[in-house]
Amino acid sequence: MPKKDIFSEVEKQAEIATASRASWRGVLSLDIPTLGLGAVEYHLRAAKAHGDLQPVKVVKLDKKTGKEVVSREVPRIYRYKEGPNGERLDVQEVSPDEAKKFVRYKGDFPVSVRTEKRYFLKYELEFTGKWIEIPLDQTLDKQEGEEVTPFERTTRIGVEKDGFVPIERVSEYKFKEVYQLAPDTDKKVAETNSRVTQLARYLVEKEMALVAFFSWGRGYNFYTSVIYPYERKDGRLWLLMGLSEGILKLDDAWCGLGELLSLSVTKCPFFAK
């Protein structure tokens, strides 16, 4: 069976006339002495080459009852005192009935109204019309029964000292998305094309790919980021970043399709260095 060409979709990008827009900017931080790469940083931007990731389905629950919770944008009323410079002091949320007691022409406090995201029991709201509010700190998020917390957006890709694999192993990663990396030429960081090209060329010569954690934005998607060079026969050179969900895990039982089950993991072709 011919080996799957993981770059087939990337090649299609070259046929698109319009330039790809940068959708991420951040820092690639390296410290890999064994590869001859000391502590060094690259300011990069990334543009998608292909791929779309399905959103992770997360359910928000009330910690006390275990019931599902939903968010709604609702108006909230606050009373406050005005400071000497017009600043708002002693701000407190009040109910509509309480607000009537604190309007400026009847009491000592002015009131303000603003729309906020609040959380309510889903069943009671959607089926009985009851707005039973649940404080955010009394909720938790679950994915397929397991409690999860959102990741913050990655602005620094930190490659650890052992964060690399032979480039031949890149084909083992199932990428959801592939991005093209380029220098961030903003005056604040002043990255250069030559430095990034040298990194790509260095990885080509070492036949290595870099591996690190990546979070695309605040949410629940966890990625393994694989940064690797791609050189075409015409001499064009790209530095690509593939995002694979979770961490690459290979089941030992499938090594060699049963013929090498008695061998150790280090002798398995999938794990060959």
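We now turn to the structure provided with this report. (Residues numbered from 1 in each chain as written. Predicted model: local features only at pLDDT ≥ 70, side-chain atom pairs only at ≥ 80, totals over all residues. Heavy atoms only, no water.)

### Focus: the overall build of the protein
So, step 1. Counting secondary structure elements, the protein contains 4 helices and 14 strands.
So, step 2. For the protein, the proportion of its 273 residues judged to be buried stands at 36%.
So, step 3. A separation of at least 24 residues holds for 67% of the contacts in the protein among residues at least 6 apart in sequence. (Helix = DSSP H or I, 4+ residues; strand = E, 2+ residues; numbered from the N terminus. Buried < 20%, exposed > 50% of the residue type's maximum accessible area, 1.4 Å probe, protein only. Contact = heavy atoms within 4.5 Å.)

### Details of the pairing of strand E5 (residues 88–94)
So, step 1. Relative to E5, strand E4 (residues 69–82) runs antiparallel, the two being bridged by 5 bridges. Along E5, the bridge assignment pairs Tyr-78 with Glu-93.
So, step 2. Where E4 folds back on E5, the antiparallel hairpin that results is connected by 5 residues, among which Gly-86 adopts a positive phi of roughly 85°. (Pairing = 2+ DSSP bridges.)

### Here's the deal with the side chain of Ser-215
So, step 1. Position of Ser-215 relative to the elements: it lies in the loop between strand E12 (208–214) and strand E13 (223–231).
So, step 2. Of the polar contacts made by the side chain of Ser-215, one reaches the backbone oxygen of Glu-152; its length is 3.0 Å.
So, step 3. Excluding anything up to four places from it in sequence, Ser-215 contacts Phe-151, Glu-152, Arg-153, Thr-154, Asn-221 and Tyr-223. (Polar contact = N/O pair within 3.5 Å; in protein donor to acceptor, adjacent residues only side chain to side chain.)

### Focus on the sheet that holds strand E7 (residues 139–143)
So, step 1. Taken together, the 3 strands give an open sheet; going across it, the order is E3-E7-E8, and neighbouring strands pair in antiparallel fashion. Of all the strands in the sheet, just strand E3 (59–62) and strand E8 (146–148) have a single pairing partner and so form its edges. Each neighbouring strand pair of the sheet contributes to a mean axis angle of 50°, computed without reference to strand direction.
So, step 2. Note: E3 against E7, 4 bridges, orientation antiparallel. Counted as the bridge partner of Leu-61 is Leu-140 from E7. (Axes fitted to C-alpha atoms, helices over the stretch in contact; angles between N-to-C directions.)

### A look at the packing of aromatic side chains
So, step 1. On inspection of all chains with the given rule, the structure shows 8 aromatic pairs.
So, step 2. With 5.1 Å between their ring centres and 85° between their planes, Phe-120 and Trp-131 make a pair best called edge-to-face. Taken together, the positions of Phe-120 in strand E6 (residues 111–121) and Trp-131 in the loop between helix H3 (122–128) and E7 put the pair 11 residues apart, joining distant regions of the chain.
So, step 3. Ring centres of Tyr-230 and Trp-238 lie 5.9 Å apart, and the angle between their planes is 25°; this geometry places the pair in the stacked category.
So, step 4. The ring of Tyr-80 is capped by Arg-88, whose NZ or CZ atom sits 4.4 Å from the centre of that ring. (Phe/Tyr/Trp six-rings, centres within 6.5 Å; stacked < 30°, edge-to-face > 60°. Lys NZ or Arg CZ within 6 Å of the ring centre and 35° of its normal.)

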